[in-house]
Amino acid sequence: MRGPPLVFGMSESAVTSLGHDELQALKAVGLDGGLSGSVKVSCASLAERLDTSTQTASRRLQQLESSGFLDREIVSDGQWVSVTETGQQALRSEYADYRRLFEEQTGLTLTGTITTGMGEGRHYISLPGYKQQFESRLGYTPFPGTLNVELSEASIRGRADLSAQASVPIDSWEDDERTFGAATCYPARLEANGRQYGPTHVIVPDRTHHDEESLELIAPEKLRDELNLTDDDTLSIHLEEASTE
Ligand SMILES: Cc1cc2nc3c(=O)[nH]c(=O)nc-3n(C[C@H](O)[C@H](O)[C@H](O)COP(=O)(O)O)c2cc1C
Ligand SMILES: Nc1ccn([C@@H]2O[C@H](COP(=O)(O)OP(=O)(O)O)[C@@H](O)[C@H]2O)c(=O)n1
Ligand SMILES: [Mg+2]
């Protein structure tokens, strides 16, 4: 069976092999509407936009198709072209770079590597006393578990700035037997393997077995699948500065 991770594995290697010229052609197809469906493309007009020959424009489309960035259907008077999921990822990754270049940097970015924890996260996240609060205060039912991140040296220091970021409190609660501790959730966007993911939250429980050198993340979906992550992969966590209004 061919599941999503396998497809992403293919696309990841393809993304790294996307050259500048092919990227320009892919962008042109996207601007023509190829991100939301098939568009009719003429090699002559594409060539003009890319300032190249018709043969070269045609070859770029072929290369993009064979590396999985475009789907094409050749018809008698031209071709219908659409940007594939892999192609969209490549364009998004470029977009993320430009955002980093030009957008005002606010908030906090922490980086680290993915680790396996003690297998307790799924138990806590599933408890009804927490689950109801996540649903009403975060707006989603979290995937049962926490994605554990071991912070880089700089981010262990940067973590002190967490208190200046936007946050959502999760209250302590009790059942017949014991009290469960409060926690703080920080809205975050994630970036890994050229993909972005949000909304998601860093969760810092008041009582935890983990130290200052790691963080836990919760999200509506399984992040290992959504971001194609395995242990030791690098992940960036962007947090939003708390509003001063
Ligand atoms: C929402 C939430 C509440 C928690 N409350 C408690 C608690 O009341 N007492 C406690 O010992 N640990 C509590 N923990 C922390 C876990 O024991 C543990 O430190 C960690 O979350 C487990 O992560 P891991 O399985 O990913 O390694 C809580 C964790 C979460 C996510
Ligand atoms: N939103 C989430 C939450 C957990 N996870 C993963 O789901 C599994 C269960 O989470 P957990 O907290 O119980 O386990 P560990 O973090 O202790 O390994 C772990 O492999 C987490 O890394 C995820 O991929 N995405
Ligand atoms: Mg965990």
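Residues numbered from 1 in each chain as written. Chains lettered and ligands numbered in written order. Predicted model: local features only at pLDDT ≥ 70, side-chain atom pairs only at ≥ 80, totals over all residues. Heavy atoms only, no water.

Applicable threshold: UniProt positions are given in the numbering used here, feature names are shortened, and annotations may be inferred rather than shown by experiment.
An unreviewed UniProt entry annotates the protein as Riboflavin kinase of Halohasta litchfieldiae. UniProt annotates the protein under Catalytic activity (unreviewed entry) with the comment "riboflavin + CTP = CDP + FMN + H(+)".

Considering the UniProt feature "domain: Riboflavin kinase" (unreviewed entry) in the protein
The condition is simple: Secondary structure follows DSSP: runs of H or I at least 4 residues long count as helices, runs of E at least 2 residues long count as strands, and numbering of each begins at the N terminus.
Feature annotation in UniProt assigns "domain: Riboflavin kinase" (unreviewed entry) to the following positions: residues 114-238. Helix makes up 22% of residues 114-238 and strand 36%. Its end C-alpha atoms lie 16 Å apart.

Observations regarding the coordination of the magnesium ion (ligand 3)
Quick reminder of the rule: Donor atoms: N, O and S within 2.8 Å of the metal, or within 3.2 Å for Na, K and Ca. Because water is excluded, sites can look incomplete. Tetrahedral means four donors with every angle between 85 and 135 degrees, whereas square planar (four donors) and octahedral (six donors) require angles over 155 degrees between opposite donors and between 65 and 115 for all others; sites fitting neither are termed irregular. Each residue is placed in one exposure class: buried if its accessible area under a 1.4 Å probe, protein chains only, is under 20% of its type's maximum, exposed if it is over 50%, and partly exposed if it falls in between.
With distances of 2.1 to 2.2 Å, the protein atoms coordinating the magnesium ion (ligand 3) are Thr146 (O), Thr146 (OG1) and Asn148 (OD1). Classification of the site at the magnesium ion (ligand 3) as octahedral follows from its six donor atoms and the range of 83 to 173° in their angles at the metal. Look at Asn148 and you get buried, because its relative accessible area is 8%.

Side note on the pattern of salt bridges
Inclusion rule: Definition used for salt bridges: Asp or Glu carboxyl oxygen within 4 Å of a side-chain nitrogen of Lys or Arg.
Within the structure shown, the criterion is met by seven salt bridges. With a closest N to O distance of 3.1 Å, Glu65 and Arg72 form a salt bridge.

Concerning helix α2 (residues 20-34)
To be explicit about the condition: Residue contacts follow a heavy-atom distance rule, with two residues in contact if any of their heavy atoms lie within 4.5 Å.
Residues of α2 that are buried include every one of Glu22, Leu23, Ala25, Leu26, Ala28, Val29, Gly30 and Gly34, and no others. Elements that come into contact with the buried residues of α2 comprise β1 (39-41), α3 (43-50), α4 (54-66), β2 (70-75), β3 (78-83) and α5 (85-102).

Thoughts on the UniProt feature "binding site: Mg(2+)" (unreviewed entry) in the protein
Our working rule: Both site types are read off a 1 Å grid over the protein atoms alone. A 1.4 Å probe that fits but cannot get out defines a cavity, while an open set with protein on both sides within 12 Å along at least five of seven lines defines a pocket; lining residues have an atom within 4 Å of a point. Nitrogen and oxygen atoms within 3.5 Å of one another constitute a polar contact, given that in protein one can donate a hydrogen and the other can accept it, and given that sequence-neighbouring residues count only through two side-chain atoms.
Mapped onto the present numbering, the UniProt feature "binding site: Mg(2+)" (unreviewed entry) falls at Thr146 and Asn148. Lining the largest pocket, from this annotated set, are Thr146 and Asn148. Here Thr146 is to be found in the loop between α7 (128-138) and β5 (147-151). Reaching out from Thr146, the side chain makes a polar contact with the side chain of Asn148 at a distance of 3.1 Å. Mapped onto the fold, Asn148 is located in strand β5. Among all residues touching Asn148, those that are not within four sequence positions of it are Thr113, Ile114, Thr115, Gly117, His210, Leu215 and Glu216.

As for the packing of α2 against α5
In plain terms, the rule: Axis definition: a line fit to C-alpha positions, over the contact stretch in the case of helices; interaxial angles, taken between N-to-C directions, run 0 to 180 degrees. Small angles under 35 degrees read as roughly parallel and large ones over 145 as roughly antiparallel, with 65 to 115 read as roughly perpendicular and the rest as oblique. Three residue categories are used. Nonpolar comprises Ala, Val, Leu, Ile, Met, Phe, Trp, Tyr, Cys and Pro, charged comprises Asp, Glu, Lys and Arg, and polar comprises the others, including Gly.
α5 packs onto α2 with a crossing angle of 105° between their chain directions and a minimal axis gap of 11 Å. Viewed along their axes, α2 and α5 adopt a mutual orientation that is roughly perpendicular. Contacts from Leu23, Leu26 and Lys27 of α2 reach α5 at Gly87, Ala90, Leu91 and Glu94. Grouping the constituent residues of the contact of α2 with α5 by class yields four nonpolar, one polar and two charged.

Structural notes on the site of ligand 2
The following threshold applies: Consider each residue's heavy atoms; a residue with any of them within 4 Å of a molecule or strand counts as near. Each accessible area value is a Shrake-Rupley result obtained with a 1.4 Å probe; residue values ignore everything except the protein chains displayed when judging cover. Pocket occupancy is defined atom-wise: a molecule lies in a cavity or pocket when more than half of its atoms are within 2 Å of its grid points.
Around ligand 2 sit 16 residues, and of these Gly119, Thr146, Asn148, Leu223 and Arg224 come closest. A distance of 2.6 Å is found between an oxygen atom of ligand 2 and a backbone nitrogen or oxygen belonging to Gly119. At a separation of 2.8 Å, an oxygen atom of ligand 2 approaches a polar side-chain atom of Arg224. In isolation ligand 2 has 510 Å² of accessible area, and contact with the protein removes 93% of it. In this structure, ligand 2 is accommodated by the largest pocket. Counting only elements with at least two residues in the shell around ligand 2, the list comes to α6 (121-126), β5 and α9 (223-226). Looking at the shell around ligand 2 residue by residue, the class counts come to five nonpolar, seven polar and four charged.

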